[in-house]
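# Survey of secondary and tertiary structure
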Amino acid sequence: MERTEIVLEGRKGEIQLFSDDHKAGKMDISVIGKKLTVYHTEVNQEYEGKGFAKILLERLVSYARENDLKILPLCPYVHTQFKRHPEEYNDVWLKEEL
């Protein structure tokens, strides 16, 4: 059984994914004001190919929606998913000009 946990200490933290009480992956995030920045998504090798990155992405997006946050996707995985499915993520996607 998979479950997620959001662990924030101050502005920085993780969205952690557990499978049968073993940590299977995580997203490194920070929250400043109404901006949630996601830096990195990581799924442990033994859990790859099981859709766990997608579970983390879904939790990230639902957390942003629940807390009225905009996501700055610095993580290549999240940025790619946002670009592939803009209609699904436009409401939470913070598009900043670099």
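How each quantity is defined
Residues numbered from 1 in each chain as written. Predicted model: local features only at pLDDT ≥ 70, side-chain atom pairs only at ≥ 80, totals over all residues. Heavy atoms only, no water. Helix = DSSP H or I, 4+ residues; strand = E, 2+ residues; numbered from the N terminus. Rg over C-alpha atoms; globule rule 2.2 N^0.38 Å. Buried < 20%, exposed > 50% of the residue type's maximum accessible area, 1.4 Å probe, protein only. Contact = heavy atoms within 4.5 Å. Areas by Shrake-Rupley, 256 points an atom, 1.4 Å probe, with all protein chains shown as cover. Lys, Arg positive; Asp, Glu negative; His and termini not counted. Charge placed at Lys NZ, Arg CZ, Asp CG, Glu CD. Pairing = 2+ DSSP bridges. Axes fitted to C-alpha atoms, helices over the stretch in contact; angles between N-to-C directions. Parallel < 35°, antiparallel > 145°, perpendicular 65-115°, else oblique. Nonpolar A, V, L, I, M, F, W, Y, C, P; charged D, E, K, R; others polar.

The protein chain appears in an unreviewed UniProt entry as GNAT family N-acetyltransferase from Chryseobacterium culicis.

Counting secondary structure elements, the protein chain contains three helices and five strands. Relative to the globule expectation of 13 Å for 98 residues, the C-alpha radius of gyration of the protein chain, 13 Å, shows essentially globular dimensions. Sorting the 98 residues of the protein chain into buried and exposed places 40% on the buried side. Here the contacts in the protein chain between residues at least 6 apart in sequence split such that 39% fall between residues at least 24 apart. Of the roughly 6000 Å² that the protein chain leaves accessible, carbon and sulfur atoms contribute 48%. Across the protein chain, the 15 positively charged side chains and the 18 negatively charged ones have centroids separated by 5 Å.

The subject of this paragraph is the sheet that holds strand S2 (residues 12-19). Reading across from one edge, S1-S2-S3-S4-S5 is the order of the five strands in this open sheet, with mixed pairing throughout. If you trace the sheet from one side to the other, it starts and ends with strand S1 (2-9) and strand S5 (70-73), each paired once. On average, each strand axis in the sheet is tilted by 25° relative to the strand beside it, whichever way the strands run. Pairing of strand S3 (residues 22-32) with strand S4 (residues 35-43) involves eight bridges; the strand directions are antiparallel. From the neighbouring strand, glycine 25 faces S4, where its bridge partner is valine 43. Here helix H1 (residues 52-66) sits on the sheet and contacts S1, S2, S3, S4 and S5; the angle it forms with S4, its principal contact strand, is near 165°.

One can describe the packing of H1 onto helix H2 (residues 76-84) by two numbers: an axis separation of 11 Å at closest approach and a directional angle of 75°. Compared by their axis directions, H1 and H2 come out roughly perpendicular. Packed against H1, whose contacting residues are Ala53, Lys54, Leu57, Leu60 and Val61, the element H2 presents Tyr77, Val78, Gln81 and Phe82 at the interface. For the contact of H1 with H2, the per-class residue count stands at seven nonpolar, one polar and one charged.

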